[in-house]
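# Results of the structural survey
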Amino acid sequence: MNIQQLEYITAVDNFRHFVQAAEHCHVTQPTLSMMIRKLEEELDVKIFDRTKQPIIPTAIGRQIIDQGKVILREAGRLSEMARQYNGDLSGELKIGVIPTIAPYLLPHFVQAFIQQYPEIRLHISEMITERIVNELKTGNLDVGIVASLSDDPALQEISLYKERFYAYVSEKTMLYSKQYILPGDIEPNELWLLEEGHCFRTQIQKLCELSRNSTFGASFNYRSGSIETLMRMVDRNGGITILPELAVLELPEDRRKYIRKFKQPEPTREVCLAVNREQVKTRLIDVLKTSILANVPKQVA
């Protein structure tokens, strides 16, 4: 049994096709099939049911593949530990970013990071907080960029910056005539929110003290995963939405007239890196943090 065979069975499980798995592993299909059969003979079990199309794992095959993934992750950790010891800033960094941070933060630092650390391959995906937490725990992500999480013993938070919340209000609302507003000034029926599952939605619900019994959405229910879409809804249909500070900094001058500050104490959120406490890519995560802080706008740094 060897690492290569575990990579092969994992690839077949992912693609459910021997030829595609072989192409992914950069070997011929006969070579891949032969190595998997040798593993099956050694273990004296059938890992895949080849009578099914697409190919599926057998019951015991499913257990072997899952354990193989654990072994592959641990083998990767050994290589990463050696790179860390040697001060090698190379390898891949898998990053999950929540959608209310990604479009406003990533353009500030990604290009500079790539130029400064060309040997580090960034793999960045947008996903909601719940999925980031799950992917960090399973080892499918190395780091998440999130709003501060509730305490989770499996994860560590590394603070980056705080950003204020602002109201984006239509000319049709009472709030447009105000210079500063209070959360209590916001009428729930005028508030456009992100769809369920976004932590930013939960923060705004708490800020504005919206309850499940609120009449918000009684006559019209619209779901969006995009802050930009919510701003356009305000522009065209009236109402209010809430923006994080980096989004406000991106607005052109003609749209800033719709921004209203909250009265002190201003509501904020803390943006941080979230990592599994057992991760070993400490140096790569350190340079990620340094790059973000060096390039994020000074208003929030």
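Please read all numbers here as calculations on a predicted model, not as lab measurements.

On to unusual backbone geometry, then. One can expect most non-glycine residues to show negative phi and most peptide bonds to be in trans. For the bond from glutamine 53 to proline 54, the omega torsion is 0 degrees, close enough to zero to count as cis. Among the secondary structure elements, proline 54 is positioned in the loop between strand S1 (48–49) and strand S2 (56–57). Its identity as a non-glycine residue notwithstanding, arginine 16 has a phi of 55 degrees, on the positive side.

Now for the pairing of strand S8 (residues 240–244). Among the five residues that make up S8, five are buried, leaving the element largely enclosed by the rest of the structure. Across the two faces of S8 the burial is the same, with Ile240, Ile242 and Pro244 and Thr241 and Leu243 all buried. Where strand S6 (residues 155–169) and S8 come together, five bridges link them in antiparallel fashion. When the bridges of S8 are listed, tyrosine 168 appears paired with threonine 241.

Taken as a whole, the protein chain shows an average pLDDT of 88; of its residues, 93% reach a score of 70 or greater. Summarising per-element confidence for the protein chain, the mean pLDDT is lowest in helix H7 (residues 199–207) (80) and highest in helix H3 (residues 29–43) (96). Counting contacts from residues 211–221, a segment whose pLDDT is below 50, to residues more than four positions away or on other chains yields nine contacts.

This part is about H3. Between the first and last C-alpha of H3 there are 21 Å, a value that for 15 residues agrees with the 21 Å anticipated at 1.5 Å per step. All of the buried residues in H3 are Leu32, Ser33, Met35, Ile36, Leu39 and Glu40. Buried residues of H3 fall within an arc of 165 degrees about the axis and therefore sit on the same side. In H3, the exposed residues that point more than 90 degrees away from the buried face are Pro30 and Glu41. Buried residues along H3 sit in contact with helix H1 (3–15), helix H2 (18–25) and S1. Of the residues trailing H3, aspartate 44 is marked for its positive phi of about 60 degrees.

Parameters at a glance
Residues numbered from 1 in each chain as written. Predicted model: local features only at pLDDT ≥ 70, side-chain atom pairs only at ≥ 80, totals over all residues. Heavy atoms only, no water. Helix = DSSP H or I, 4+ residues; strand = E, 2+ residues; numbered from the N terminus. Buried < 20%, exposed > 50% of the residue type's maximum accessible area, 1.4 Å probe, protein only. Pairing = 2+ DSSP bridges. pLDDT = per-residue confidence, 0-100. Contact = heavy atoms within 4.5 Å. Expected span 1.5 Å × (residues − 1). Arc of directions from axis to C-beta.

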